[in-house]
Amino acid sequence: MTQDEMKKQAAWAALEFIPHNTIVGVGTGSTVNHFIDALASIKQHIKGAVSSSVQSTAKLEALGIPVFDLNNIDSFSVYIDGADEINPLKHMVKGGGAALTREKIVAAVAERFICIVDSSKQVATLGQFPLPVEVVPMALAYVQRQLNKLGGKAILRKNVITDNGNVILDVHGLQITDPLALEFTINNIVGVVSNGIFAHRAANTVLIGTATGTTIIN
Ligand code: 5RP
């Protein structure tokens, strides 16, 4: 089974967790693209979606799923998104698709975060995947120096502007042994919009696509 087939398997398994007549939080990425295809197959049973990116909004709307403004919703039950890495505590590194800030916002409003991944995303310690940090452009050089002081090497992601008009620094070489502390430390650097550690808002449930089926971790 290919990695993409495992992503697809986890994505379709997420349908089991979607209540009827609800608004669904939708993340961003190739795994979520499979989920949006799956969601379209039950679109008559849901009210619609809130989206974490321009890319996901376009796909949702193309498939006839109404997209709601998050500011008009007090809460919703389930957020479905992928991850670049996930540890045994369900802390994640996200942002490979540069959508981390909106993903964090939508996840914050959701009652439950269901993470859909293929088995290659499971790690013991976060940090092998370069940590994405969204930065206000005028603060780029300052933030880069501060991130390098934390022990990593922050490299500007070329030719990428986020949906919020910002840039991404990818921090290589971090051993993220305390994700809760590092998430706060990086957020406190002036000029950082958000960082890709999702530890304070960890996943509640993980669906892992494997060669032998989908594993559910609660
Ligand atoms: C986008 C993300 C994605 O969830 C993450 O990059 C995983 O992507 P994929 O499903 O394509 O492997 O955080 O900002």
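Everything discussed here concerns the structure shown above.
Given the structure is predicted, the values throughout are model-derived calculations rather than measurements.

Participant: Outline the overall build of the protein, listing residues and values.
Facilitator: Looking only at helices and strands, one finds six helices and 13 strands in the protein. Since a compact globule built from 218 residues should have a radius of gyration of about 17 Å, the 17 Å found for the protein is in line with a globular shape. With respect to the principal axes defined by its C-alpha atoms, the protein has extents near 50 × 40 × 30 Å. Evaluated residue by residue, the protein yields a buried proportion of 53% over its 218 residues. Long-range contacts, defined as pairs at least 24 residues apart, comprise 72% of the intrachain contacts of the protein with a sequence gap of at least 6. Accessible surface computed for the protein: about 9800 Å², of which carbon and sulfur atoms make up 53%. On the protein, the mean spot of the 17 positive side-chain charges and the mean spot of the 18 negative ones are 4 Å from each other.

Participant: Can you break down the side chain of Arg201 residue by residue, with the values?
Facilitator: Its location among the elements puts Arg201 in the loop between β11 (197-198) and β12 (205-210). For the buried residue Arg201, which engages in no salt bridge, the nearest side chain bearing the opposite charge is Glu111, 8.7 Å off. Only 3.1 Å separates the side chain of Arg201 from the backbone oxygen of Ala110, close enough to count as a polar contact. Ignoring any residue separated from it by four or fewer positions in sequence, one finds Arg201 in contact with Met92, Ala107, Ala108, Ala110, Glu111, Arg112 and Phe113.

Rules behind the numbers
- Residues numbered from 1 in each chain as written.
- Predicted model: local features only at pLDDT ≥ 70, side-chain atom pairs only at ≥ 80, totals over all residues.
- Heavy atoms only, no water.
- Helix = DSSP H or I, 4+ residues; strand = E, 2+ residues; numbered from the N terminus.
- Rg over C-alpha atoms; globule rule 2.2 N^0.38 Å.
- Buried < 20%, exposed > 50% of the residue type's maximum accessible area, 1.4 Å probe, protein only.
- Contact = heavy atoms within 4.5 Å.
- Areas by Shrake-Rupley, 256 points an atom, 1.4 Å probe, with all protein chains shown as cover.
- Lys, Arg positive; Asp, Glu negative; His and termini not counted.
- Charge placed at Lys NZ, Arg CZ, Asp CG, Glu CD.
- Salt bridge = Lys/Arg side-chain N within 4 Å of Asp/Glu carboxyl O.
- Polar contact = N/O pair within 3.5 Å; in protein donor to acceptor, adjacent residues only side chain to side chain.

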